[in-house]
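Inside the fold
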Amino acid sequence: VLGQEQDGVGGSFDASQSYQGDMYNVNVWQYALSAEQVSSLFISGRCGHSGHEDNAQVSFSDVNDQDPQGDAQFVDAACGDNKVLNFPSGDNIANYLAFEPGFEETSAITVCAWLRKTTNDATRYWFSYAVSGSHNEVILGEHDPSTVSFYIQNQGIVTDTGAWPVNVWTHVCGIWDSSSGSVIMINGEVAASEDGVKAGASIRAGGSLVLGQEQDSVGGSFDAGQSYQGDMYNVNVWQYALSAEQVSSLFISGRCGHSGHEDNAQVS
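The rules we used
- Residues numbered from 1 in each chain as written.
- Predicted model: local features only at pLDDT ≥ 70, side-chain atom pairs only at ≥ 80, totals over all residues.
- Heavy atoms only, no water.
- Salt bridge = Lys/Arg side-chain N within 4 Å of Asp/Glu carboxyl O.
- Buried < 20%, exposed > 50% of the residue type's maximum accessible area, 1.4 Å probe, protein only.
- Helix = DSSP H or I, 4+ residues; strand = E, 2+ residues; numbered from the N terminus.
- Arc of directions from axis to C-beta.
- Contact = heavy atoms within 4.5 Å.
- Polar contact = N/O pair within 3.5 Å; in protein donor to acceptor, adjacent residues only side chain to side chain.
- Disulfide = S-S within 2.5 Å.
- Pairing = 2+ DSSP bridges.
- Axes fitted to C-alpha atoms, helices over the stretch in contact; angles between N-to-C directions.
- Phe/Tyr/Trp six-rings, centres within 6.5 Å; stacked < 30°, edge-to-face > 60°.
- 1 Å grid on protein atoms, 1.4 Å probe; cavity = no way out; pocket = protein on both sides within 12 Å on 5 of 7 lines; lining within 4 Å.
- Points joined across faces, edges and corners; volume = space filled by probe spheres on them.
- Nonpolar A, V, L, I, M, F, W, Y, C, P; charged D, E, K, R; others polar.

A short note on the pattern of salt bridges
In total, this model carries 5 salt bridges according to the counting rule given. Across the salt bridge formed by Asp121 and Arg124, the nearest N and O atoms sit 2.9 Å from each other. Looking at Arg124, the relative accessible area reads 6%, which means it is buried.

Right, dumping it as structure tokens:
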């Protein structure tokens, strides 16, 4: 039984012991998984597949074949609407996604994404917005190993070492407002901030957005040593500064969730 505790085989439930919330990807093995195997399930993510599920005595496909009772129901898991963007391992200049986001000139911006990097190197960048005359208009990446760096027009802030672990899905946001400064939030918490970053400036319109590489000219001039390697999901860009509470709600909603703030993003 899922959702209740049996005081008799198949029944004798106690209402005060009822589970309330969501449940996904239930698996039961008739043997003990190792710590490494369980870790691989976590690293694969809520909507991922590590391979160990194939050997489960009870898998979530078995659960899906059953009929929920009462008001329990199967709902959209929000895992099938989008795909994870994967950048394979190995230094390169060939792996990227580029488009023109249609940004208007703005005095504030927020960039958020779920990331699972597979390297722990310096100068790896996953978000690059470039305009004519300023190829570092907005950049997010890893300036030093296991840190997050966030640049607005070449002026940046960096988190402490260890803020961005390798092979772990991590929610990363860069927030900038010309009237206040820059903030980096990781997993719903402020990890770095600085007042006065590019005070009074504006991010210019008409630029090129590249994911997976860092532009040294509009739309190109990539450096293989700066290529992002790993997974990327649920990238959103707002042309205003999200509050700490709003960013926290994005993280709390989870990698495959939906907080509602995504509906107002310029890029989703």
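Side note on helix 3 (residues 244-253)
The α-helix winds at 3.6 residues per turn, so residues separated by three or four positions along the chain end up facing the same way. Those residues of helix 3 not exposed but buried are Val247, Ser248 and Leu250. Viewed along the axis of helix 3, the buried residues span an arc of 155°, placing them on a single side of the element. Facing away from the buried side of helix 3, by more than 90 degrees, are the exposed residues Glu245 and Ile252. Residues of helix 3 that are buried sit in contact with strand 3 (108-117), strand 8 (170-177), strand 9 (181-186) and strand 12 (230-238). Once helix 3 ends, the next one or two residues include Gly254, with phi positive near 90°.

Here's the deal with the environment of Ser16
By the element assignment, Ser16 lies in the segment before helix 1 (35-44). The exposed category is assigned to Ser16, whose relative accessible area is 64%. Along the sequence, Ser16 and Gln4 sit 12 residues apart, while their C-alpha atoms lie 9.4 Å from each other. Among the polar contacts listed, one links the side chain of Ser16 to the side chain of Asp14, at a separation of 2.8 Å.

With respect to the state of the cysteines
A covalent bond between the sulfur atoms of two cysteines is referred to as a disulfide. Counted under the stated rule, the structure contains 1 disulfide. Covalent S-S linkage joins Cys112 and Cys173, the inter-sulfur distance amounting to 2.0 Å. Measuring the twist about the S-S bond at about 120°, one finds the Cys112-Cys173 disulfide to be right-handed. Of this pair, Cys112 sits in strand 3 while Cys173 sits in strand 8, placing them 61 residues apart in sequence. The buried category is assigned to Cys112, whose relative accessible area is 2%.

Notes on the sheet that holds strand 12
Each strand in a sheet pairs with another by means of backbone hydrogen bonds, the pair being arranged parallel or else antiparallel. Overall, antiparallel pairing links the 6 strands, which are arranged 1-12-3-8-9-10 in an open sheet. The open sheet has two edge strands with one neighbour each: strand 1 (85-87) and strand 10 (189-195). Within this sheet the neighbouring strands show an average axis-to-axis angle of 20°, counted without direction. On top of the sheet, helix 3 reaches strand 3, strand 8, strand 9 and strand 12; it is set at about 160° to strand 8, its chief contact.

Examining the environment of Met232
Take Met232: it is sitting in strand 12. It is 22 Å that separates the C-alpha atoms of Met232 and Ser182, two residues lying 50 residues apart in sequence.

Remarks on unusual backbone geometry
Phi is positive for Ser12, which is not a glycine, with a value near 55°. Inspection of the secondary structure puts Ser12 in the segment before helix 1. In this structure Ser12 comes out as partly exposed when scored by relative accessible area, which is 49%. Positive phi outside glycine occurs at Thr123, with the angle close to 55°. As for its placement among the helices and strands, Thr123 is situated in the loop between strand 3 and strand 4 (124-131).

Overview of the packing of aromatic side chains
One pass over the structure, following the stated rule, counts 5 aromatic pairs. Summarising the aromatic geometry, the rings of Phe87 and Tyr228 are spaced 5.7 Å apart at their centres and angled 80° between planes, so their arrangement reads as edge-to-face. Of this pair, Phe87 sits in strand 1 while Tyr228 sits in the loop between strand 11 (208-211) and strand 12, and the two are 141 residues apart along the sequence. Tyr228 sits in the buried class, given a relative accessible area of 3%.

Side note on empty space enclosed by the protein
Applying the stated criterion across every chain, the model contains 1 cavity of 30 Å³ or more. By volume, the largest cavity is sized at about 50 Å³. Cys112, Trp114, His171, Asn234, Asn236, Trp238, Leu250, Ser253, Gly254, Gly257 and Glu262 together form the lining of the largest cavity. Listing elements by their share of the lining of the largest cavity, those giving two or more residues are strand 3, strand 12 and helix 3. In terms of residues, the lining of the largest cavity owes the most to one element, strand 12, which gives 3 residues. Classifying every residue of the lining of the largest cavity gives 4 nonpolar, 6 polar and 1 charged.

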